[in-house]
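Fold and contact review
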Amino acid sequence: MRADATRNLERVLSTGARMLADDPSATIAAIAAEAGVDRRTVYRRFASREDLMAAVYGARYDAVEAAIEAARLREAPVAVALHLYVEGIIAVNREWPVETSLMLRDETIRERRRVLIDEVNAFLRRATDEGLLRSDLPSGWVATVLPPLMEHAAENLSELSAAQAADVVVDTLLRGVGAAQAR
């Protein structure tokens, strides 16, 4: 693919993600106009709105996979890996703000998601085994509370960089929100 065609595709996909998050009924023509490309260019690449949405979902999962790989969950020190993972996912959530429940209709996306969940769960077990996370919590609890923390940080801490928002999430996860008790 030519460099300009690649840039146009990336612009269409990121614009589509943002617009579909704001208005799930956004049309291909509206997305093309907002992305600054001719709608015929988009229609040549995507036969339907569903095809465009599938490509947006695929691009989001490409970004999630890249964030998980960059976090080096298996080999980096657990505190470092946790922060890199949270920072990466916050950045992905900001760049690809699509409704994730809609993505799960696609079998390929469901399988990709399962693999990613397994990788993160293995990391969380490692973080528990190495003492970063409490071992007395119900099984799966951290895996349940961490994604909404990252999602809310991406959406509600927009004045902070992804790294700064990750600081807030990691601190909340590790220390909670209770005030320090007098000893």
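This text goes with the structure placed above it.
Quantities reported herein were computed from a predicted structural model and do not represent experimental measurements. Every residue gets a number counted from 1 within its own chain, in the order that chain's sequence is written. Local features are withheld for residues below a pLDDT of 70 in this predicted model, meaning they are given only at 70 or higher, and side-chain atom pairs are given and counted only at 80 or more; totals for whole chains, interfaces and linings count all residues. Each side-chain value is worked out from all heavy atoms of the structure, with water and hydrogens disregarded.

A run of H or I in DSSP counts as a helix once it spans at least four residues, and a run of E counts as a strand once it spans at least two, with each numbered from the N terminus. Within the chain, the regular secondary structure consists of 9 helices and 0 strands. Moving toward the C terminus, one meets the helices and strands of the chain in the order α-α-α-α-α-α-α-α-α. Principal-axis analysis of the C-alpha atoms places the extent of the chain at approximately 65 × 30 × 30 Å. Summary of the burial criterion: residues with accessible area below 20% of their type's maximum are buried, those above 50% are exposed, and those between are partly exposed, where the area comes from a 1.4 Å probe applied to protein chains only. Expressed as a percentage of its 183 residues, the buried residues of the chain come to 35%. Any two residues having at least one pair of non-hydrogen atoms within 4.5 Å are treated as being in contact. Put simply, 69% of the contacts in the chain that link residues at least 6 apart link residues at least 24 apart. To be clear on the numbers: accessible area is Shrake-Rupley with a 1.4 Å probe, and residue cover counts the displayed protein chains and nothing else. Of the roughly 10,900 Å² of accessible surface on the chain, 51% is carried by carbon and sulfur atoms. For this count, His and the chain ends are skipped, Lys and Arg are scored as positive, and Asp and Glu as negative. Positions of charges follow a simple convention, taking NZ of Lys, CZ of Arg, CG of Asp or CD of Glu. Treating the 23 positive side-chain charges of the chain as one cloud and the 28 negative ones as another, the clouds have centres 3 Å apart.

Remark: helix 1 (residues 3-22) packs on helix 2 (residues 28-35), axes separated minimally by 9 Å, with the N-to-C direction vectors making an angle of 120°. The orientation of helix 1 with respect to helix 2, classified from their angle, is oblique. Considering the relative orientation of helix 1 and helix 2, their crossing is right-handed. Contacts between helix 1 and helix 2 involve Arg11, Val12, Thr15, Gly16, Arg18, Met19 and Leu20 from the first element and Ala30, Ile31, Glu34 and Ala35 from the second. The residue classification treats Ala, Val, Leu, Ile, Met, Phe, Trp, Tyr, Cys and Pro as nonpolar and Asp, Glu, Lys and Arg as charged. All others, Gly included, are polar. For the contact of helix 1 with helix 2, the class distribution of residues is 6 nonpolar, 2 polar and 3 charged. To obtain each axis, a line is fitted to C-alpha atoms, and for helices this fit is confined to the stretch in contact; angles are then taken between N-to-C directions over 0 to 180 degrees. Working rule for angles: under 35 degrees goes down as roughly parallel, over 145 as roughly antiparallel, 65 to 115 as roughly perpendicular, anything else as oblique. A clockwise turn of the near helix away from the far one marks a right-handed crossing, whereas an anticlockwise turn of less than a right angle marks a left-handed crossing.

Attention now goes to helix 4 (residues 49-71). Turn by turn, an α-helix covers 3.6 residues, leaving residues three or four places apart pointing in a common direction. The first and last C-alpha atoms of helix 4 sit 33 Å apart over 23 residues, in line with the 33 Å expected at 1.5 Å per residue. Arg72 occupies a position one or two residues after helix 4 and carries a positive phi of about 50°. Take the number of residues in a helix, subtract one, and multiply by 1.5 Å to get its expected span.

Counted at 1.5 Å a residue, the expected span for helix 8 (residues 141-156) with its 16 residues is 22 Å, and the 23 Å between its end C-alpha atoms agrees. Residues of helix 8 that are buried include every one of Val142, Leu146, Met150, Ala153 and Ala154, and no others. Buried residues of helix 8, seen end-on, are gathered within an arc of 95° and therefore sit on one face of the element. More than 90 degrees from the buried face of helix 8, the exposed residues found are Glu155 and Asn156. For helix 8, the secondary structure elements touched by its buried residues are helix 5 (78-95), helix 7 (107-129) and helix 9 (162-175). Here the arc refers to the set of directions running from the helix axis out to each C-beta atom.

What follows covers the nonpolar core. Among the buried residues, those of types Ala, Val, Leu, Ile, Met, Phe, Trp, Tyr and Cys that are joined through side-chain atoms within 4.5 Å form a nonpolar core. By size, the foremost hydrophobic cluster in this structure holds 55 residues, and its most contacted members are Tyr85, Val86 and Ile90. Counting only elements with at least two residues in this core, the list comes to helix 1, helix 2, helix 4, helix 5, helix 7, helix 8 and helix 9. Here the element with the most residues in this core is helix 4; it accounts for 10 residues.

Another point: the packing of helix 5 against helix 7. Relative orientation of the contacting elements helix 5 and helix 7 amounts to 145°, with a least axis distance of 10 Å. In terms of crossing hand, the pair formed by helix 5 and helix 7 is left-handed. Of the residues in helix 7, those in contact with Val78, Ala81, Leu82 and Tyr85 of helix 5 are Val120, Phe123, Arg126 and Ala127. For the contact of helix 5 with helix 7, the per-class residue count stands at 7 nonpolar, no polar and 1 charged.

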